[in-house]
Structure formats: structure tokens, C-alpha cells
Amino acid sequence: MAQDGAVSAETLAELRERYRIERERRVRPDGPRQYLGADAEFGYYAADPYAGEPAEREPLADRVDVAVVGGGFGGILAGARLRGQGVGRVRIVEKGGDFGGTWYWNRYPGIHCDIESHVYLPLLEETGYVPEWKYAPGEEIRLHARRIAEQFDLYADALFSTSVTSLSWDDSDRTWIVDTDRGDRFRATYVITATGTLSELKLPGIPGIETFRGHTFHTSRWDYGYTGGSPDGGLTGLADKRVGIVGTGATGIQVVPKVAEDAGHVYVFQRTPSTVDVRANRRTTAADVGADRPGWARERRDNFLRIVSGEAAEQDLVADRWTSSAGLLEKLLPSFRRQGDRTAFEAAYETADAAKMNELRARVERVVTDPETAEKLKPWYRYACKRPTFSDQYLEAFNRDNVTLVDTADTHGIERMTENAVVVGGTEYELDCLIFATGFSVGVSGILSGRLPVHGRGGVQLLHAWARQGPRTLHGFTTNGFPNLIQLGGMQSANSVNYTHILDEHAVHAAALVAAAESRGALIEPTREAEDAWVAALAEGAPDHEWFHAECTPGYYNREGVGRPNGPGAYPHGAVAFHELLRRWREESLHKVLN
Ligand code: NDP
């Protein structure tokens, strides 16, 4: 291995070839079809381990101003921003037993956010809260979601342990009829969907998975009844257990060190190693982040977004490995490749990428004492082919006697499972417990999952309306024929790694739409022409980074190696410009969607 950072032209050619070979070892003909959904009928997946059996209640048949589908940060922020606009009855309907969304469901040991807490936690100034750690533990984030909900009085009308099963527009009453799985059928003048991007868990379709008789669960349904302990550790129930963990993504790398502290033995089944960069979590004071100055949180959040969006910024307030590597994230940005001389730019870019990846591979070699294990833990792909991860404990865990790394790349993942074992390369690993850190069907939830049918004007179903040409929206939020329906999320808008920031901008926008419609007694509905213009604008500047994803190791960024779905997905000029566009549009053109 060369010194950290040093890359010659020859090495670049070698790297390209090595990346190609490693990609081939992992790509599968079944692509995204290799996974099973959350409704796979075995194990301990679908239940809510935190709420228990929901309390009996009478179905509701009343009327509210706004129904919000989903009580994660998207829904909570929509609620808070609606309150800011003086909207009265806001009913958030949430499948979990409380607010928090991702942070409600994911409570696995070691859970933290890898985005700085001072930019990730929304409404810090409004709630007067200053996080104590640079990267907050999951429980602190979940409690912050509750804090916002309490401060903005969102509990009063909320429905928990309840899923919306359909939305139907009643043109005669100019309201939505909201049906739920608890027998509710209530009316709402407006509906905001905030169903999240990481809410549909997925399991690998390993042959024989359903025959396994040991204990199993997905990390987003952690079974502390079995393991003992808490997100802080102390998993005493695992002391004499042989535990397998499948998955070494952002979740797996947080779980492994915690399980390793307490389990009898841990087998980590890895298909693709993550890039594991320095984390350097530490306590912070209010003074460290300048929290005594009005506007501090917004300034910090905006600054982070600018940097990770590839925009110029005078200073780097967060100063972590996200921001120091931001230049290498540019290839994921819609605007990539539209600047200057492409060839020269890309040559320099690839060299910088190789230097970073060499640095990360050298880190593995430095930390992991067994050379064979270290070799298997080295990531061989370009930076950000997979979501980068950050940990100062994960690689270290492989130096423990009770941790074994099992590489599954040659068999494209775990080969099969039996009643009591996981089989890889013909070797049977007998286990008492197998934990799936296998992630989520990213970006597929709510309406797009097909599980939430939406009937608009004339009974037209939204997904049917979109079947031929793909989604059609104005700014990703509103659709002709579906009045007063606002969708929050990443579709046809702009995204960022700091997703709560994105959600807050969307929530501000949604609340402004509702307030304007209320004050005029109008419906919110874009014209078909406005939709067409937006979809055309997306297509016109559509990014040219398919080549990058095509060369990447498989994962959810490139639909497991089969490429991106067709159709315009994101605003081509990035999140900073998109938020500015929305601000301007609210000032100048909002009236155009009111009728
Ligand atoms: P991922 O989808 O990122 O990872 C799933 C893991 O399961 C991968 O390592 C995958 O291997 C492995 N896997 C899947 N099928 C098999 C198989 N058949 N055999 C062996 N291994 C298999 O899920 P995560 O839960 O880790 O992360 C999901 C997302 O959640 C992240 O990208 C991030 O957006 C978010 N997250 C954010 C955190 C934060 O701090 N902000 C923390 C945790 C998660 P392979 O890579 O080869 O496909």
C-alpha cells in the first residue's frame, strides 16, 4: 500500500481494474429482487417492540384541518410549521406508538446519528435545546422529536399505532376522507404525506431463511427482551450466545462493536465493506457552537448544506469528515459534470478519489491487527459508491477474540440458511441468534410503495395516473387532480445527506401553501402545464452521473447495480438552489396554485 494519499497514474489504472473485479464479485442478476419485504411471514419483524398491543379506542369520524401521514421528523416539522402559520387542528397519524419515525423504530445498541447533531436536530433555537455531543445518540434524537411535538401541541390530535390505509378526495365537500387500519374514517381539508424514506425494512432473500429456528430480528425492531440491555449496551442476554450479524452498512458498523462487548461470539457476515472514516465524537458546549447568538442553528445548518452540496462557503463550521470529503461527494450531485473542462476536471477528481480511498484502506491496515481480516475489510470502490460511514470502534472490534469476519462476496451474499446455521462457501456457522442489519427499501414508502392508495378527483388513483409517464408534480409536492394533497420527501425536489434540513424546508413550504389556501378559501392544485414545465425542467438539466453508478459496487445508490430508475428524479441545481427557488416562488407565484 502506498503512503496515505499518494496515487500514481499506474495505480489509477490498477485501481479501476480492481474496482471492476470487486464489483463483478458482488453484482447479482436478481438485483433489487434479491430482497424480501417487511411482510415476510417469519420471525419477529412486523411487530412494534416498543408499544406492545395498542390500547382499544373508538374509531374517529370527525373533521380536522390537516391530516399528516407519518410522525417522523417530516410529519412533526409539518405540524410545527403549520402551527407557526396558525393552523388549528392538525392530526398526525403514525404507525408507531409515539413520534420519532426512523428514531422511533431504530433503537439498536450503539445507535447514533452520523450527521452533526447541531445541524441534524431541527428547531434547536425554537426549542432552546443544545445537544451535548457532536453526534447525538438515537435516544436523544427521539426525545427531541417528542420535545418538538410537545412544544407545538401535536400530541392532542395525534393517532398512534395507526396506519392510514387510503385517502379519497370528496369533491362535493372539498375534503379528503382518511381511512385507517383502526376503523377511523375522518375528514381533513388538507393532507400532507410524510412517510419517510427508510420505513420499509428489507430482509435478504437467502434460500432457507424461513427454516432458521434460532432467534432473529431486524435492527429496526431490536429485541431487548432477548438481548437484555439498552441502546447504550449491557446486552447480558447474549453472554453465552453465538450471534450472527448480516450487514455492514451505516447500521451494521454501529451495532457490531456494541454486540461484541457482550456476546459469547459474533460472526459478522460481510458482503461489501463500508468505508469507515474517523468519527471523533466528543462533548460540545453551547459556546463551542456559538449557541448564544440568535440565528446560530440556521447559520450552521445552511453552512453544512452549502458545503455538502458543493457550493462555495466562506467557512466550514461543522468541520468533520463529511465536510472535508465534500468535494468527493460532488459526483452524486445533480450538478456534477457541468463545470468547466470535463476531462481535466475528472482526471483530477479521480486522483483525489483514489487518494481518499487509499487513506481509508490504510486506516484499516493500521487498526486491524490480523492481516487477512484487514484485507477483507478494505473497500474497493470509489468514494461514496455506498454511503460513507464513520466509526472509531468498528474496525477495532475485529481485534477481539470473540469476533470473526465472514466474507460472503464470492457467493454474492450468504449462500443459504439451515435450521441452526448460516452457510457460506460450504462452511456452516451455527448460531443462536441472527441479526439483520440489512437496511430498508430506500425511498419507497407510503404512496410510492402502493400500500397507501390515493383517490383524487373523479376517483382516479394517483399511482395509476402516474403509471405511464412516471410521477408528475409541481416541485415534488402537489399534483393536478389531487387538490390539497402535499407530499413531502425527496421525489422531484432536491436532497441532501442532512435529511432533516430538507424536510424542514419542505415543511415550511407545505405550511405556506396551506396558510395561503386558507386565507383565500381556495384549493391547492397546480395546473397540468405547471407540472409539465417542472418535469421538463428536471429532465433538461438531468445529471450525467449514470457512468459513475454503473461502475460502482452494487447497493441502493445504483439499484443493486442495475442502474437508476427512469424518469426525472431531482432538481438539477441542488438543494441550496432549490430552497431559494421555493422561497422566490412563494413570494411571486404561490397564487398560481390556488383556485
Ligand atoms: P444498508 O442498505 O446500507 O446496508 C445493508 C447491508 O446488508 C449491506 O452491508 C449489504 O451488503 C448487507 N446485505 C444485504 N443482503 C445481504 C446478503 N444476502 N448477504 C450478506 N449481506 C447482505 O442498510 P443500513 O441499515 O446499514 O443503512 C440504511 C441507511 O440508513 C443508510 O444508508 C443511512 O441513510 C441510514 N442510516 C443513517 C445513520 C446515521 O447515522 N445517519 C445510521 C444508520 C443508518 P452489500 O453492501 O453488499 O449490499
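Residues numbered from 1 in each chain as written. Predicted model: local features only at pLDDT ≥ 70, side-chain atom pairs only at ≥ 80, totals over all residues. Heavy atoms only, no water.

Considering the site of the ligand
Spelled out, the test is: Whether a residue is near a molecule or strand depends on its heavy atoms: if one lies within 4 Å, it is near. Definition of a polar contact: a pair of N or O atoms within 3.5 Å, with one able to donate and the other able to accept a hydrogen when the atoms are protein atoms, and with sequence-neighbouring residues admitted only if both atoms are side-chain atoms. Areas reported as accessible are Shrake-Rupley estimates using a 1.4 Å probe. Residue values count occlusion only from the protein chains shown. Residues are grouped as follows: Ala, Val, Leu, Ile, Met, Phe, Trp, Tyr, Cys and Pro are nonpolar; Asp, Glu, Lys and Arg are charged; all remaining types, including Gly, are polar.
The environment of the ligand is formed by 27 residues, the closest being Asp114, Thr251, Thr272, Lys386 and Tyr556. At 3.2 Å, a backbone N or O of Ile414 approaches a nitrogen atom of the ligand. Here the ligand loses 90% of its free accessible area of 920 Å² to cover by the protein chains. When the residues that make up the shell around the ligand are grouped by side-chain class, the tally is 11 nonpolar, 11 polar and 5 charged.

Structural notes on the domain arrangement of the protein
The condition is simple: Reported domain spans reflect what an automatic or database domain assignment gives. We call two residues in contact whenever any of their non-hydrogen atoms come within 4.5 Å of each other. Buried area is a sum: the accessible area each of two parts loses on coming together, probed at 1.4 Å, counted once for each and added. Between Lys or Arg on one side and Asp or Glu on the other, a salt bridge is scored when a side-chain nitrogen of the former is within 4 Å of a carboxyl oxygen of the latter. Strands here are runs of E lasting at least two residues and helices are runs of H or I lasting at least four, both read from the DSSP assignment and numbered beginning at the N terminus.
Domain annotation for the protein reports domain 1 (9-45 + 201-279 + 350-436) and domain 2 (63-200 + 442-533). Each partner contributes residues to the interface: domain 1 has 19 residues there, and domain 2 has 16 residues. The contact between domain 1 and domain 2 buries some 1600 Å² in all, and 48% of this surface belongs to carbon and sulfur atoms. On the surface where domain 1 and domain 2 come into contact, there are 1 salt bridge. In this structure, Asp114 engages Arg387 in a salt bridge whose closest nitrogen and oxygen atoms are separated by 2.7 Å. Broken down by element, the residue count for the side of domain 1 that touches domain 2 peaks at 3 residues, all from helix 8 (residues 252-262).

With respect to unusual backbone geometry
Unusually for a residue other than glycine, Ala384 sits at a positive phi of about 70 degrees. By the secondary structure assignment, Ala384 is in the loop between helix 13 (371-377) and strand 12 (389-390). If you check the backbone angles, Arg559 has positive phi at about 50 degrees while not being a glycine. Mapped onto the fold, Arg559 is located in the loop between helix 19 (546-551) and helix 20 (574-588).

Concerning the packing of helix 2 (residues 73-84) against helix 6 (residues 138-151)
We count it as follows: Axis definition: a line fit to C-alpha positions, over the contact stretch in the case of helices; interaxial angles, taken between N-to-C directions, run 0 to 180 degrees. We call two directions roughly parallel when the angle between them is under 35 degrees, roughly antiparallel when it is over 145, roughly perpendicular when it lies between 65 and 115, and oblique otherwise. The crossing is said to be left-handed when, going from far helix to near helix, the turn is anticlockwise and less than a right angle, and right-handed when the turn is clockwise.
One way to put it is that helix 2 packs onto helix 6 with a least axis distance of 9 Å and a crossing angle of 25 degrees. What the angle tells us is that helix 2 and helix 6 run roughly parallel. Remark: the crossing between helix 2 and helix 6 carries left-handed chirality. Where helix 2 approaches helix 6, its residues Phe73, Ile76 and Ala80 are matched on the opposing element by Ile141, His144, Ala145, Ile148 and Ala149. A per-class count over the contact of helix 2 with helix 6 returns 7 nonpolar, 1 polar and no charged.

Digging into the layout of surface pockets
Note the following rule: Here the term cavity refers to a set of points on a 1 Å grid, laid over the protein atoms alone, in which a 1.4 Å probe fits but cannot get out; the term pocket refers to an open set having protein on both sides within 12 Å along at least five of seven lines, with lining residues being those that place an atom within 4 Å of a point. Grid points are joined across faces, edges and corners, and a volume is the space filled by probe spheres set on the points.
Of the pockets and cavities examined, the second largest pocket occupies roughly 390 Å³. Around the second largest pocket, the lining is made up of 20 residues, and of these Gly110, His112, Lys258, Arg279 and Gln393 lie nearest the centre. Top contributing element to the lining of the second largest pocket by residue count: helix 8, with 5 residues. Taken together, the residues of the lining of the second largest pocket sort by class into 6 nonpolar, 8 polar and 6 charged. Among the domains, domain 1 (9-45 + 201-279 + 350-436) and domain 2 (63-200 + 442-533) are the pair contributing at least three residues each to the lining of the second largest pocket.

As for the state of the cysteines
The cut-off we apply is this: The rule for a disulfide is simple: a pair of cysteine sulfur atoms within 2.5 Å. To sort residues, take the accessible area from a 1.4 Å probe on protein chains only and compare it with the maximum for the residue type: under 20% means buried, over 50% means exposed, and anything in between is partly exposed.
What the rule picks out here adds up to 1 disulfide. Here Cys385 pairs with Cys552 through a disulfide, and the sulfurs are 1.9 Å apart. Disulfide Cys385-Cys552: the torsion about the S-S bond is -80 degrees, which places it as left-handed. Placement of the pair is Cys385 in the loop between helix 13 and strand 12 and Cys552 in the loop between helix 19 and helix 20, with a sequence separation of 167 residues. The exposure class of Cys385 is buried, given its relative accessible area of 3%.

A closer look at the environment of Val268
Considering the arrangement of structural elements, one finds Val268 in strand 10 (residues 265-270). Using a relative accessible area of 0% as the deciding quantity, one classes Val268 as buried. Along the backbone, Val268 and Gly52 are 216 residues apart, and their C-alpha atoms lie at a distance of 30 Å.

Brief notes about the sheet that holds strand 10
Our working rule: At least two bridges found by DSSP between two strands is the condition for calling them paired.
With parallel pairing, the 5 strands of this open sheet are ordered in space as 8-17-9-10-13. The open sheet has two free edges, formed respectively by strand 8 (215-218) and strand 13 (403-407), since each of these has just one partner strand. Strand-to-strand twist across the sheet, computed as the mean angle between neighbouring axes with direction ignored, equals 20 degrees. Alignment of strand 9 (residues 242-246) against strand 17 (residues 433-436), held across 4 bridges, turns out to be parallel. Of the residues in strand 17, the one forming a bridge with Val246 is Phe436.

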